[in-house]
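# Survey of secondary and tertiary structure
The chain contents come next:
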Amino acid sequence: MAEAHAAVAFSFSVTHEGVNVAVNHEALWAVFYSGTASWKRKLHRIQNSFHNGIYPASPMSWLFALTIVLAFGLAGVDVSWGMIKYIQNHVPGINYANDTINFIISSVIFGTILWVAVINFIKFFLRILFNYQNWMYEVRGKKVSLKTKLWVVLVRVLSGRKPKLNSYQASLPKLPVPSVEGTMERYLLSVRPLLDDEKYNRMEKLANEFKEGLGNKLQRYLTLKSWWAANYVSDWWEEYVYLRGRAPIMVNSNFYGIDAVYVKPTDKPLARAGNVIYSMLKFRRLVDREELEPIILNKTVPLCSSQYERQFNTTRIPGTETDKLVQYHDSSHISVYHKGRYFKVYIRSKGRLLMPCEIEYMLQKIVDDDSEPAEGEKELAALTAGERVAWAKARTEYFSKGKNRASLDAIEKAAFCVSLDEDSQDFNLEKPKLLDAYGKAMLHGKGYDRWFDKSFTLVVCSNGRIGFNAEHSWGDAPVMGHMMELVFTEDRELGYTEDGHCKGTPEQTPPNPIRLEWDIPKPCQTVIDQQLQIAKQLISDVDLHLLVHTAFGKGFIKKCKVSPDAFLQIALQLAYFRSAGKFCLTYESSMTRLFREGRTETVRSCTIKSCDFVKSMAAGTQTGKELIAKFREAAEQHQQGYRDAMTGKGIDRHLFCLYVVSKYLGVGSPFLAEVLSEPWRLSTSQTPHQQTNRIDLVKYPKQICAGGGFGPVADDGYGVSYIVAGEDIIFFHISCKRSCPTTDATRFGAAICKAMADLRNLFESN
């Protein structure tokens, strides 16, 4: 290949006339620019490490501290309580003839020690302050306690200015381990509305036996782990919930996101890809340099930023017993899939990122390439969609050497993957099935056109629409949502020409895309076909419906003086009860990023109060005011559970970790075994919106993201993801299995609409 030859900096040959040396100057420049970029990254990391190490102080504060110490010393006032004199007399090397020089050196040493001590004290004090959680339990709109006001003042005074992405990491507290007694109490309260008296009494007995016996032993081991580890949950959650799973990750684990559907900046797919890829690479640069601002709740409390580290240059490697996540130090290319062929596309040239128009130029070369896929290449990614053990064995046997190893490296070591789809996807309120198809294309595609092991795959449709499919073990949806918010904003600011192409003209001839080469033998092709059949079976069983609720949104809910999340969760309970005729164990994902390396916790949304309201609503025997009173009680109980989950007093992660400890110790627990086998027939999640101040919905009201979703969790249940996208719109992503005779995504969407309308009528008429 010409590209392979161009990658060689020099070559030589020996003839009867002597030695001839041929130097490829372009390759030498490429090596130079690559080395320069590497050193720049190292320098940025050193600068960031220093900045974060001294934060919330600054280098100027060190000079200020030295100035104060020297000024008082020269004025004859010893602010060191004799420490400067002690340093002069006992630290080797400070024995100059000039006493003034000795004094200055000793003062600098003392001032530096004092400065470092003050920094560490502030960090320690901030960690104590961030452990204060009562602010979350104080109702908005009511009088804030004096204690919370004082806490806010102290946090803002000590927090410093212009934090980098990881500046607060050292100050974040560890996730606390709840007491066994408290967890048992909250668990029994959560299952009370789901069990009759006989079953509840049995479960209460199991819980009490666990609390008084084995639970205390397991708790001691878990407490010990919490002292040692940065987070007592996250590593086990990543390993046992994600990486040790042997089932396909497509549909079962990966999640998806779709475009800001109310705007369509261009119908040129390569131009859209150029702007979006460039915007994502700029986001990666912000993360690498830690120039991305950390998310801070109420301008006071920072969230953990650890998940951003593995958003790029990361892939999941299959194993026979467990997978592993591998993050590569850096990547100067992306992987592009088009019409069954894989390409390696460089994203840097001559020491800088390629511009959007230059990326569009390179992608056009891929589209213009009319070569056919190699045997087995087109459906190769089905290996990542199927069973993990089969993929692990095939990877070891067929992709461990030669051109297959080199090509697989190009995909796995890419910053991220891009799929240039041949199909178009769109949005039309009059044709809801279009949006359903859009969601399915992002969730699973054709089963072979997404590299499901990659941290995320950007999908570009043939009409310029975009979306993504993300692997779940490295991080959670809010991190991808954060990136997409900035991508949509950057895409709008970059803009397009009148004919829909990227603005600007290439300032250089970008490097040619490199077609990846494969030599896939027949036995491997057989494995690919087998895994593709498994993927197709999964795909055929997915029932996905995207509901666009435009009757009202956040604006009306706020007028009801109710939390939007509580309002929607109660609506979901009402819809499910009407559909199934019963209540079910309900999972809602909340975040624990108030703590170091925090990820998620479960909010058990089916509560005693919500069931009481739904039953009263269904009976129709109570007045509107009585129903509203019960609704508010249900909303408050839900909010209480949500606050508990966010502040480390959740139920399920604690029980999960106790179960892991029991397995390590080789002891059985009937209580834990039964709790962890309970199915979540309604699994829900809210996608956050406007995590940054970059999206201005007042100025650009159509710049709303439609969010994303996930596959069904239970065989006979629903997966529901929702995003409160604006004052008058809410998107619901509803999934279930076609093979289940009792579930139907479209029907459940209609039930949600009916529940939402009834709740609106309830508040408007009272």
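Structure: above.
None of the values given here were measured: they were computed from a predicted structure.

Next up on the list: the environment of Trp227. Within the secondary structure, Trp227 sits in helix α10 (residues 214-228). Here Trp227 falls in the exposed class, since its relative accessible area comes to 63%. A C-alpha to C-alpha distance of 8.7 Å links Trp227 and Lys174, two positions 53 residues apart in sequence.

Our focus in this paragraph is the packing of helix α22 (residues 608-619) against helix α23 (residues 624-646). It is the contact of α22 with α23, at a shortest axis distance of 8 Å, that shows an interaxial angle of 155°. One finds that α22 runs roughly antiparallel with respect to α23. Pair α22 / α23 crosses with left-handed handedness. Across the interface between the two elements, Ile608, Lys609, Ser610, Asp612, Phe613, Ser616 and Met617 of α22 pack against Leu627, Lys630, Phe631, Glu633, Ala634 and Gln637 of α23. Residues that form the contact of α22 with α23 fall into these classes: 6 nonpolar, 3 polar and 4 charged.

Taken together, the 6 strands give an open sheet; going across it, the order is β16-β22-β21-β19-β17-β18, and neighbouring strands pair in mixed fashion. The sheet is open, and its two borders are formed by β16 (542-549) and β18 (600-604), each paired with just one other strand. Strand-to-strand twist in this sheet, taken as the mean axis angle between neighbours without regard to direction, amounts to 20°. Pairing analysis gives 5 bridges linking strand β19 (residues 682-686) to strand β21 (residues 718-726), with the strands arranged parallel. Across the sheet, residue Thr684 finds its bridge partner in β21, namely Val720.

Right, let's talk about the nonpolar core for a bit. Grouped together as the largest cluster of nonpolar side chains are 101 residues, with contacts concentrated most on Ile277, Phe416 and Phe671. The element contributing the most residues to this core is helix α12 (residues 269-288), with 9 residues. Apart from residues no more than four positions distant in its own chain, Phe671 is found in contact with Met184, Tyr187, Met203, Leu206, Ala207, Phe210 and Leu655. Listed in part, the 45 residues of the second largest apolar core include Cys560, Ile570, Val614 and Met617.

A few words on the packing of aromatic side chains. Counted by the stated rule, this structure contains 33 aromatic pairs. Summarising the aromatic geometry, the rings of Tyr55 and Tyr168 are spaced 5.5 Å apart at their centres and angled 85° between planes, so their arrangement reads as edge-to-face. Highlighted residues: Tyr55 in the loop between α2 (25-54) and α3 (59-74) and Tyr168 in the loop between α7 (146-158) and α8 (180-191), separated in sequence by 113 residues. Classification of Tyr55 as buried rests on a relative accessible area of 2%.

Cut-offs applied
- Numbers given to residues run from 1 along each chain, matching the order in which its sequence is written.
- Where local features are concerned, this predicted model is filtered to residues with pLDDT of at least 70; where side-chain atom pairs are given and counted, the filter is 80 or more; whole-chain, interface and lining totals use all residues.
- Hydrogens and water molecules were not included; the side-chain quantities draw on all heavy atoms of the structure.
- Each helix corresponds to a stretch of at least 4 residues labelled H or I by DSSP, and each strand to a stretch of at least 2 residues labelled E; elements are numbered beginning at the N terminus.
- Under the scheme applied here, a residue whose accessible area is under 20% of the maximum for its type counts as buried, over 50% as exposed, and between as partly exposed, the area being computed with a 1.4 Å probe on protein chains only.
- All axes are obtained by fitting lines to C-alpha atoms, using only the stretch in contact for helices, and the reported angles, taken between N-to-C directions, cover 0 to 180 degrees.
- When an angle is under 35 degrees it counts as roughly parallel; over 145 it counts as roughly antiparallel; between 65 and 115 it counts as roughly perpendicular; any other value is oblique.
- Handedness of a crossing follows from how the near helix is turned relative to the far one, being left-handed for an anticlockwise turn of less than a right angle and right-handed for a clockwise one.
- Throughout, a contact is declared for two residues whenever any of their heavy atoms are within 4.5 Å.
- Under the grouping applied here, Gly and all other residues not named as nonpolar or charged are polar, the nonpolar ones being Ala, Val, Leu, Ile, Met, Phe, Trp, Tyr, Cys and Pro and the charged ones Asp, Glu, Lys and Arg.
- Paired strands, as defined in this entry, are two strands with at least two bridges between them according to DSSP.
- For this analysis, a nonpolar core means a set of buried residues of the types Ala, Val, Leu, Ile, Met, Phe, Trp, Tyr and Cys, connected via side-chain atoms within 4.5 Å.
- We call Phe, Tyr and Trp rings a pair once their centres come within 6.5 Å, taking the six-membered ring for Trp, and we label the pair stacked below 30 degrees between planes, edge-to-face above 60, and tilted otherwise.

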